[in-house]
Amino acid sequence: MLLELQRQMLAGLIGETPGAIGAALADGVNPDRIGIYRNTVLHGLTRSLRLVFPTVELLVGADFFAAMAAAYATSCLPRAARLDCYGDGVADFLDAFEPAATVPYLGDVARLDWAVNNALHAPDVAPLDPARLTQAADWQDRIRLRPHPALTLLTSRYPVDDIWRAVLARDDAAMAGIDLAAGPVFLLIERQGEEVAVSRMDIAAWQFLSVLCSGQPLLAVLGRADGPDAAVMLADHFAAGRFADFSVARCERQNDRECD
Amino acid sequence: MIQADRNHGASIPARAGIGLRFQHHQAVLDGQADVPWMEVHTENYMGGGRAIRCLETIRGDVPISLHGVGLSLGSAEGIDPAHLRRIKDVAERIEPGLMSEHIAWSSVAGSYVPDLLPLPMTEEALEVVCRHVDQTQTFLNRRILVENPSTYIRFRYSTISEWEFMVAVARRTGCGILCDVNNIFVSASNHGWDCSQYLAALPPELVEEIHLAGHASRTMPDGTKLRIDDHASAVSDEVWQLYRQALARFGPVPTLIEWDNEVPALETLLGEARHAARLIDDMQERRPKADAA
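All figures in this text were calculated on a predicted structure; none of them were measured in a lab. (Residues numbered from 1 in each chain as written. Chains lettered and ligands numbered in written order. Predicted model: local features only at pLDDT ≥ 70, side-chain atom pairs only at ≥ 80, totals over all residues.)

1. Some remarks on the overall build of chain B
In step 1: Looking only at helices and strands, chain B features 9 helices and 12 strands.
In step 2: Against the compact-globule benchmark of 19 Å for 293 residues, chain B has a radius of gyration of 18 Å, which places it among compact chains.
In step 3: The C-alpha extent of chain B, read off along each of the three principal axes, is 50 × 50 × 45 Å.
In step 4: A total of 293 residues make up chain B; the buried ones form 48% of that total.
In step 5: Sequence-distant contacts in chain B: of pairs separated by 6 or more residues, those separated by 24 or more amount to 78%. (Helix = DSSP H or I, 4+ residues; strand = E, 2+ residues; numbered from the N terminus. Rg over C-alpha atoms; globule rule 2.2 N^0.38 Å. Buried ≥ 20, exposed ≤ 12 C-beta atoms within 10 Å, placed from the backbone. Contact = placed C-beta atoms within 7 Å.)

So, in structure tokens, the structure goes:
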């Protein structure tokens, strides 16, 4: 009976009327009181989305954001009690959100906000000491690197990094000077010390790091890369702490089976 | 049942502390908060990065209590083991003096909602909560405190009073009670209960922490007046009065000022804490005379 009551309560919270939960209330308790809980839930979810997507909110305004957040929240509730990790579907939601269609880069700005939020809140994991790779010297061809959890690689056809900086700085002149047709950007978002860094990379360097982070065997990635730059770039990535760990595949043909 | 170990929380003194919120991190790091202890919401420190490192630094000077808002002890479907693991991870880094959660639920059917939703006061709900308190205390290998809720509705199936429910959870699991005096006032106002009867039902030896906070009053469309536990203002005069009664019954207990919305300047919070501290002092001055009499 408790489970049924909790399911009814949840339906009453995300619906516009209390519904079935109204019949479970004691005599004299007006079902409108469910609205107090509904307001608290919606307010809490909107507030958490606002903290995760500050650039999106500044771009569209508080009222529009609140309406968008309510639409998102009622269709996609958090799956866990960690609101700083809530909103992984907002960027895709915005891509399909008809009222936001006039701001074509909004979804990608949300992706950047999400990546920055991830860099802020990702677990503290010590960077991989490349000397540890020598432990796996016998299996060098099977080593796969794991990116640091605070790191995100993002690409957009719009200069979302410039938009992000201008909007958060409330710099209208910089915003007005942005050329949306300037071509795609390739971004690295990571934690440096306690700060979050958003950096633009050239396409080749971005693709190289993307492949390294995708879990492909390290030697194969280096073998496909052109020239000595790959080794230098790899050393830079290690020095910047962009990998957290590595794994050694059991077998070339069973890429999904790994052992540490 | 986990064995009672009252010393586990010894580092939280029976004095007045404040709820630490992000807005005040820097001021606290700068030494502007002379308080004997602080409490944070565990869920705000589950990631890495700056927030938890700030808290670790503050923890070096001030005892910290971890107050959870997301474990959902009353969920019929069980508590989330991943969330319990995250709570333990924070506890291992912060080494809190006290840990607490709520008599409420927040999760069902794979969804979490950010509110402390009311339980029907039934034997089934009591068994569910006790099972989850046992599970939590076993996993954390320590006692927790459970807080009485503020509620706006009652269910027709309820067969147990809320105060009996609280005491039963503590008796069956060995956990302690976090007596939120504002919640008692809010719920009693909303449901026509007697605050004094509620306090009188709580055995002093079970009450190990008190919460104080502000609430709002609202007139509903049907004309009824409701108190809303919004933690957005100063503690009301009625709640201070009830706090005096609570101190008289429970003795000196670690007392926390909570202010979560429209968070004021740190000095305002500290002023509320000083007021609570004065009431604790007043009670301790009177208490020996009362005992002698």
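So, next bit.
2. Brief notes about the sheet that holds strand 2 (residues 152–156) of chain A
All names here are of chain A.
In step 1: Pairing is antiparallel in the open sheet, where 3 strands are placed in the order 2-3-4. Two strands bound the open sheet, and with one partner strand each, they are strand 2 and strand 4 (195–201). On average, each strand axis in the sheet is inclined to that of its neighbour by 25°, with strand direction left out of account.
In step 2: As judged from the 5 bridges shared by strand 2 and strand 3 (residues 185–192), these two strands associate in the antiparallel manner. Across the sheet, residue Thr152 finds its bridge partner in strand 3, namely Ile189.
In step 3: The strands touched by helix 9 (residues 203–213) are strand 2, strand 3 and strand 4; relative to strand 2, the strand with the most contacts, the crossing angle is about 135°. (Pairing = 2+ DSSP bridges. Axes fitted to C-alpha atoms, helices over the stretch in contact; angles between N-to-C directions.)

3. So, the sheet that holds strand 2 (residues 38–41) of chain B
All names here are of chain B.
In step 1: With parallel pairing, the 8 strands of this closed barrel are ordered in space as 1-2-3-4-7-8-9-12. Averaged over all adjacent pairs, the angle separating strand axes in this sheet is 30°, with direction ignored.
In step 2: Relative to strand 2, strand 1 (residues 16–19) runs parallel, the two being bridged by 2 bridges. The partner of Gly19 across the bridge, within strand 2, is Glu39.
In step 3: Docked against the sheet, helix 6 (residues 181–191) engages strand 8 (176–180) and strand 9 (207–213), running at close to 65° with respect to strand 9.

4. Some thoughts on the pairing of strand 12 (residues 255–258) of chain B
Across a regular strand the side chains alternate sides, sitting on one face of the sheet and then on the other.
All names here are of chain B.
In step 1: The side-chain alternation of strand 12 yields two buried faces, one formed by Thr255 and Ile257 and the other by Leu256 and Glu258.
In step 2: Pairing of strand 1 with strand 12 involves 3 bridges; the strand directions are parallel. Paired with Gly17 across the strands is Leu256, a residue of strand 12.
In step 3: Pairing of strand 9 with strand 12, which is carried by 4 bridges, proceeds in the parallel orientation. In the strand pairing of strand 12, Ala213 is matched with Glu258.

5. Side note on the interface of chain B and chain A
In step 1: Counting residues at the interface gives 41 residues for chain B and 39 residues for chain A.
In step 2: Of all elements in the fold, only helix 2 (50–59), helix 3 (81–94), strand 5 (105–108), strand 6 (111–117) and helix 4 (123–140) of chain B reach the threshold of two or more residues within the side of chain B that touches chain A.
In step 3: Looking at the side of chain B that touches chain A element by element, the count peaks at 6 residues for strand 6 of chain B.
In step 4: Residue composition of the side of chain B that touches chain A, grouped by class: 20 nonpolar, 11 polar and 10 charged. (Nonpolar A, V, L, I, M, F, W, Y, C, P; charged D, E, K, R; others polar.)

6. With respect to the packing of helix 2 (residues 34–52) of chain A against helix 4 (residues 62–75) of chain A
Residue and element names in this part refer to chain A.
In step 1: Closest axis-to-axis distance for the helix 2/helix 4 pair is 9 Å, and the angle between their directions is 115°. By the criterion of interaxial angle, the relationship of helix 2 to helix 4 is roughly perpendicular. Relative to helix 4, helix 2 is oriented so that their crossing is right-handed. Side by side, helix 2 and helix 4 meet where Leu42, Leu45, Thr46, Leu49 and Arg50 of the first sit next to Phe65, Ala66, Ala69, Ala70 and Ala73 of the second.
In step 2: Class assignment of the residues belonging to the contact of helix 2 with helix 4 gives a composition of 8 nonpolar, 1 polar and 1 charged. (Parallel < 35°, antiparallel > 145°, perpendicular 65-115°, else oblique. Left-handed = near helix turned anticlockwise from the far one by under 90°.)

7. Details of the domain arrangement of chain A
Many analyses report the size of an interface as the accessible area lost when the parts associate.
All names here are of chain A.
In step 1: Structurally, chain A comprises domain 1 (1–103) and domain 2 (105–260).
In step 2: The straight-line distance from the C-alpha centre of domain 1 to that of domain 2 is 33 Å.
In step 3: At the level of secondary structure, the elements contributing two or more residues to the side of domain 1 that touches domain 2 comprise helix 3 (54–60) and helix 5 (90–95).
In step 4: Examining the composition of the side of domain 1 that touches domain 2, we find that 5 residues originate from one element, helix 3, more than from any other.
In step 5: Looking at the side of domain 1 that touches domain 2, its residues break down into 12 nonpolar, 2 polar and 3 charged. (Domains from an automatic or database assignment.)

8. A look at the nonpolar core
In step 1: Counting 143 residues, the largest nonpolar core has Val146, Val169, Val181 and Leu212 of chain B as its most contacted members.
In step 2: Tallying contributions element by element places helix 6 (residues 106–121) of chain A first for this core, with 9 residues.
In step 3: When near neighbours in sequence (up to four residues on either side) are disregarded, Val181 of chain B contacts Ile210, His211, Leu212, Val239, Leu242, Tyr243 and Ala246 of chain B. (Core = buried A, V, L, I, M, F, W, Y, C linked by C-beta atoms within 7 Å.)

9. What about the environment of Leu126 of chain B?
All names here are of chain B.
In step 1: Its location among the elements puts Leu126 in helix 4.
In step 2: On a C-alpha basis, the gap between Leu126 and Leu55 in space is 34 Å, while along the polypeptide they are 71 residues apart.
In step 3: Excluding its chain neighbours within four sequence positions, the residues that come into contact with Leu126 are Ile160, Phe165, Ala168 and Val169.

10. Let's talk about helix 3 of chain B
Since the α-helix advances by 3.6 residues per turn, residues separated by three or four positions end up pointing in the same direction.
Residues and elements named next belong to chain B.
In step 1: With 14 residues, helix 3 should cover 20 Å at 1.5 Å per step; its first-to-last C-alpha distance of 20 Å lies within 8% of that length.
In step 2: Among all positions in helix 3, only His83, Arg86, Ile87, Val90 and Ile94 are buried. End-on, the buried residues of helix 3 take up no more than an arc of 100°, which puts them together on one face. Exposed side chains of helix 3 directed beyond 90 degrees from the buried face belong to Pro81, Ala82, Arg85 and Glu92.
In step 3: In this structure, the buried side of helix 3 is in contact with helix 2 and strand 3 (64–67).
In step 4: Among the residues trailing helix 3, Glu95 stands out with phi positive, at a value near 50°. (Expected span 1.5 Å × (residues − 1). Arc of directions from axis to C-beta.)

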